[in-house]
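Inside the fold
Listed below, chain by chain, are the residues.
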Amino acid sequence: MNKHSSFLIVGIAVVSASILGTSCRTANTVQRKEPVAQHEPIDSKRVNTDSSLADAVSVVGLRKATAPGGFLRVQLDVVNRTSRAKRFTYQFTWFDEKGIRIKQGQAMHARIHGGQFRSLTSTAPTPKAKDFRVTLLER
Amino acid sequence: MNIPIIPMDRLFSQRMAWASGRLAGLIAVATLLSACGSNPKYVESSGPDTLVTQNINIQDFSMAAERMVNSLLASGVLEKKEGDEPAVLAVSRVVNNTGQHFDMDLLTKQIRVSLNKSGKVLTTTTLSGTGQAEDPLAKEMKDREQFRTGKKAPTPDYSLSGKIIETQARLNRRRQTTYTFQLALTDKRGLAVWEDQEQFTKQSKRPAIGW
């Protein structure tokens, strides 16, 4: 192996290591072992059409609460199961008790690091809103 | 040395072929370039396909308004008014402290509409932070009604005020802009019963060549 080839290999290795080093920054988390929060979980139905997004923004919990005045509050707990950061949008749509759409919320832009947990919350626009749907989209 | 002699008609046909090949190439490139453009299309204003630029965008106002309304409704402050009557809200000044010019109604109107639809708040259009009625005709109607009945119109229960602040930072070729939306709801006693702020930070990288 000549001198030029060895320089080239070392250069490629350094560049690759730096690329991998910057893109694979993952999150470490710590929390209470036995959470004291009283969960009000919701059974969910999921339709995944983007498997890479489903890994990077994996839904691990869906819970609800009622705010003063009867406003439904919903929280979606997601975790990034990959080692790469992901940009995505989430959008809540609210329905009344008959299933008629009341409001489509603003698409919210978000970013999640590898291994990070995030909680995405929203409050219903009116006490008449009884149901919801959340759409996750890769950005 | 032998120089090949090419007949004139063959030379002419070769040049024609070269020229027509080049023309075809140019046409192909032009076609490809023109195909790169696209016709205008509708995208959902509240959807994920809106353009994101370093400046303040429509979705920044929408995201701020939505989060602020979420926070306000979840706080339960508006439930503290006695009786079933919705609270009356007056919109005071929301100051634009950014270097950009935009209509502040992009933020305040969305908040007003959402609060109105929640059924918890009614907004007055005859009183505003600028000292002038938003709807002069409505103010005249209210004044006439007051004169006719001798009853004073209800005074607002709350005033909504706020500020939008822009801060910038640069590091090498990276540029960062943060937009801070601050809002406060003040009651008749002059106490801020609800306050919140939302920040949106945008980063972009200048290309190595050009701007």
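This text goes with the structure placed above it.
Residues numbered from 1 in each chain as written. Chains lettered and ligands numbered in written order. Predicted model: local features only at pLDDT ≥ 70, side-chain atom pairs only at ≥ 80, totals over all residues. Heavy atoms only, no water.

1. Quick word on the overall build of chain A
Counting secondary structure elements, chain A contains 2 helices and 7 strands. Taken from the N to the C terminus, the helices and strands of chain A come in the order α-α-β-β-β-β-β-β-β. When contacts within chain A are restricted to residue pairs at least 6 apart in sequence, long-range pairs at least 24 apart make up 65% of them. Of the roughly 9,200 Å² of accessible surface on chain A, 52% is carried by carbon and sulfur atoms. (Helix = DSSP H or I, 4+ residues; strand = E, 2+ residues; numbered from the N terminus. Contact = heavy atoms within 4.5 Å. Areas by Shrake-Rupley, 256 points an atom, 1.4 Å probe, with all protein chains shown as cover.)

2. A word on the pairing of strand β3 (residues 158-171) of chain B
Where a strand is regular, its side chains alternate between the two sheet faces. Residue and element names in this part refer to chain B. Pairing geometry for strand β1 (residues 87-97) and β3, over 7 bridges, is parallel. Paired with Leu89 across the two strands is Tyr158, which belongs to β3. Strand direction decides the pairing type here: β3 and strand β4 (residues 174-187), joined by 14 bridges, are antiparallel. In the sheet register, Gly162 faces β4, and the bridge partner there is Leu183. (Pairing = 2+ DSSP bridges.)

3. A short note on the nonpolar core
Residue and element names in this part refer to chain B. Core analysis: the biggest nonpolar cluster contains 52 residues, and Leu107, Ile111, Leu115, Phe181 and Leu185 have the highest contact counts within it. With 9 residues, the top contributor of residues to this core is helix α2 (residues 58-75). Those residues in contact with Leu107 that sit more than four places away from it in its chain are Phe61, Ala64, Ala65, Val94, Ile164 and Phe181. (Core = buried A, V, L, I, M, F, W, Y, C linked by side-chain atoms within 4.5 Å. Buried < 20%, exposed > 50% of the residue type's maximum accessible area, 1.4 Å probe, protein only.)

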